[in-house]
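# Observations on chain architecture
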Amino acid sequence: WTPTDNLEFLLRYEHGKSHGDGPSGQNHALFSRDTFKVTSDDPGFYRMKWDQAILETNWDIPLGDGTITSIAAWRSYKSRSDSDIDATNNQSFALGMSTDQSQKSLELRYAGSFGMAKVPTGLYYFQQDLFYIEQRIVDANIDDAVPGIK
């Protein structure tokens, strides 16, 4: 949106999400590397969702025939996942993860010229909240993970 010849606003917004199954692993203690055989006690999953908005403002000013630019941004991201790491029919090693993240930033800059001197200057602010949890489920009984070991 350009309300005047020397002032411009540009707003961008993005929303996204993705989901699916967990990874398919092959345990080489159970199957040969030359096969495509797999086994799992947990199909696993992943889910993620994000939103972000960015507002860019450009203001042409006579001082140094310059431009003041402001870029304000916000982002929110969440993800969850679960995976069968040991790739057996037993829950010997599993992994779950969760991430919640939000951030805000603001960039304010001036760019102009005074004769031969070109003057770029500015400030930047960044703030982020990050919450991350990783859960590992490990069965200490190795007999379940690798058949034939007693």
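Residues numbered from 1 in each chain as written. Predicted model: local features only at pLDDT ≥ 70, side-chain atom pairs only at ≥ 80, totals over all residues. Heavy atoms only, no water.

For the rest of this paragraph, the subject is the pairing of strand β3 (residues 66-84). Judged from the 17 bridges that link them, strand β2 (residues 45-61) and β3 form a sheet pairing that is antiparallel. If you follow R47 over to β3, its bridge partner there is R80. Once β2 ends, the chain turns through four residues before running back antiparallel as β3, passing G64 with a positive phi of about 65°. (Pairing = 2+ DSSP bridges. Helix = DSSP H or I, 4+ residues; strand = E, 2+ residues; numbered from the N terminus.)

A separate point is unusual backbone geometry. The backbone phi angle of D65 is positive, close to 45°, even though this residue is not glycine. Relative to the elements of secondary structure, D65 occurs in the loop between β2 and β3. Judged by its relative accessible area of 68%, D65 falls in the exposed class. (Buried < 20%, exposed > 50% of the residue type's maximum accessible area, 1.4 Å probe, protein only.)

This part covers the sheet that holds strand β4 (residues 93-114). Sheets are built from strands paired through backbone hydrogen bonds, the pairs being either parallel or antiparallel. Strand order in the open sheet made by the five strands is β1-β2-β3-β4-β5, with antiparallel pairing throughout. A strand with exactly one partner marks an edge of an open sheet, and here the two such strands are β1 (7-21) and β5 (117-138). The mean inter-strand angle of the sheet, taken between neighbouring strand axes irrespective of direction, is 5°. (Axes fitted to C-alpha atoms, helices over the stretch in contact; angles between N-to-C directions.)

Within the fold, N58 resides in strand β2. In terms of polar contacts, N58 uses its side chain to reach the side chain of E56, at 3.0 Å. Apart from residues lying up to four places away in sequence, N58 is in contact with N6, L7, E8, T67, I68 and T69. (Polar contact = N/O pair within 3.5 Å; in protein donor to acceptor, adjacent residues only side chain to side chain. Contact = heavy atoms within 4.5 Å.)

Examined bridge by bridge, β1 and β2 share 15 bridges and lie antiparallel to one another. What sits directly across from K17, in β2, is K49.

With that out of the way, let us pick up the environment of F126. Following the sequence through the fold, F126 ends up in strand β5. Residue classification places F126 among the partly exposed positions, given a relative accessible area of 41%. Each C-alpha atom of the pair F126 and R136 lies 32 Å from the other, and the pair is ten residues apart in sequence.

Per-residue pLDDT for the chain has a mean of 88; in total, 93% of the residues score no lower than 70. The least confident element of the chain is helix α1 (residues 142-145), whose mean pLDDT is 57; the most confident is β2, at 97. (pLDDT = per-residue confidence, 0-100.)

A few words on a nonpolar patch on the surface. Together, L63, F114 and V119 line one region of the surface with nonpolar side chains, adding up to about 250 Å² of accessible area. In this fold, L63 is placed in the loop between β2 and β3. Classification of L63 by relative accessible area gives exposed; the value is 53%. (Patch = residues over 30% accessible without salt bridge, like charges linked within 9 Å, V, L, I, M, F, W, Y side chains within 5 Å. Areas by Shrake-Rupley, 256 points an atom, 1.4 Å probe, with all protein chains shown as cover. Salt bridge = Lys/Arg side-chain N within 4 Å of Asp/Glu carboxyl O.)

Summed over the entire model, instances satisfying the criterion amount to five salt bridges. Of the charged contacts in the structure, one is a salt bridge between E134 and R136, with a shortest N-O distance of 2.5 Å. Taking the relative accessible area as the measure of exposure, R136 reaches 56% and is therefore exposed.

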